[in-house]
Amino acid sequence: ALMITDECINCDVCEPECPNHAISQGEEIYQIDPELCTQCVGHYDEPQCQQVCPVDCIPLDPAREESPDELMQKYLKISGKA
Ligand code: SF4
Ligand code: SF4
């Protein structure tokens, strides 16, 4: 999963781009639900939120590193295909 750092400027451009609806507005900045973020596996070749973030504040969450297989399994599970 990816994560949003405190450099987020609350611009809101990433939220509608997420195919898994994993991004929402938190108390101070936007946040990513790691249970829903597949790093866009199953939908796109590149993480869509990273593509649009103007301040480049969406890195890989070091606590949530997942293999391509694990990300695909997550995609299948949350999309009801597994
Ligand atoms: Fe959503 Fe993709 Fe960003 Fe994860 S990487 S939060 S699935 S847009
Ligand atoms: Fe924050 Fe970047 Fe999302 Fe804008 S695109 S709300 S700066 S994480």
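**Remarks on empty space enclosed by the protein**
Right, on to step 1. Here the structure, examined in full by the defined rule, presents two cavities of 30 Å³ or more.
Right, on to step 2. Quantified by volume, the largest cavity comes out at close to 90 Å³.
Right, on to step 3. Around the largest cavity, the lining comprises 14 residues; the ones closest to its centre are Cys-18, Ile-23, Cys-37, Cys-40 and Cys-49.
Right, on to step 4. For the lining of the largest cavity, the residue count by class is 10 nonpolar, four polar and no charged.

**Regarding the nonpolar core**
Right, on to step 1. Judged by nonpolar contacts, the single largest core of 15 residues is most densely connected at Ile-4, Ile-23, Ile-32 and Ile-58.
Right, on to step 2. Not counting the four nearest positions on each side in its chain, Ile-4 is found in contact with Ile-23, Ile-29, Tyr-30, Gln-31, Ile-32, Cys-57 and Ile-58.

**Notes on the site of ligand 2**
Right, on to step 1. In the vicinity of ligand 2 there are 14 residues, among which Cys-8, Cys-11, Asp-12, Cys-14 and Cys-53 approach most closely.
Right, on to step 2. Taken atom by atom, the bulk of ligand 2 overlaps the second largest cavity.
Right, on to step 3. Of the residues in the shell around ligand 2, the class split is 12 nonpolar, one polar and one charged.

**Regarding the pattern of salt bridges**
Right, on to step 1. According to the stated counting rule, one finds two salt bridges in the structure shown.
Right, on to step 2. Here Glu-66 ties to Lys-74 by a salt bridge, and the two come within 2.7 Å at their closest N and O atoms.
Right, on to step 3. Residue Lys-74 is classed as buried on the basis of its relative accessible area of 11%.

**Description of the side chain of Thr-5**
Right, on to step 1. Mapped onto the elements, Thr-5 comes out in the segment before β1 (23–25).
Right, on to step 2. Using a relative accessible area of 17% as the deciding quantity, one classes Thr-5 as buried.

**Focus: the site of ligand 1**
Right, on to step 1. In the vicinity of ligand 1, the residues found are Leu-2, Cys-18, Pro-19, Asn-20, Ile-23, Ile-32, Cys-37, Thr-38, Gln-39, Cys-40, Pro-47 and Cys-49.
Right, on to step 2. When atom positions are compared with the pocket grids, ligand 1 is found to occupy the largest cavity.
Right, on to step 3. Partitioning the shell around ligand 1 into residue classes produces nine nonpolar, three polar and no charged.

**A few points about unusual backbone geometry**
Right, on to step 1. If you check the backbone angles, Gln-39 has positive phi at about 55 degrees while not being a glycine.
Right, on to step 2. Here Gln-39 is to be found in the loop between β2 (30–32) and α1 (48–52).
Right, on to step 3. Residue classification places Gln-39 among the buried positions, given a relative accessible area of 16%.
Right, on to step 4. Positive phi is not limited to glycine here, since Asp-56 has a value of about 55 degrees.

What counts as what
Residues numbered from 1 in each chain as written. Chains lettered and ligands numbered in written order. Predicted model: local features only at pLDDT ≥ 70, side-chain atom pairs only at ≥ 80, totals over all residues. Heavy atoms only, no water. 1 Å grid on protein atoms, 1.4 Å probe; cavity = no way out; pocket = protein on both sides within 12 Å on 5 of 7 lines; lining within 4 Å. Points joined across faces, edges and corners; volume = space filled by probe spheres on them. Nonpolar A, V, L, I, M, F, W, Y, C, P; charged D, E, K, R; others polar. Core = buried A, V, L, I, M, F, W, Y, C linked by side-chain atoms within 4.5 Å. Buried < 20%, exposed > 50% of the residue type's maximum accessible area, 1.4 Å probe, protein only. Contact = heavy atoms within 4.5 Å. Near = heavy atom within 4 Å. Sits in = over half its atoms within 2 Å of the grid points. Salt bridge = Lys/Arg side-chain N within 4 Å of Asp/Glu carboxyl O. Helix = DSSP H or I, 4+ residues; strand = E, 2+ residues; numbered from the N terminus.

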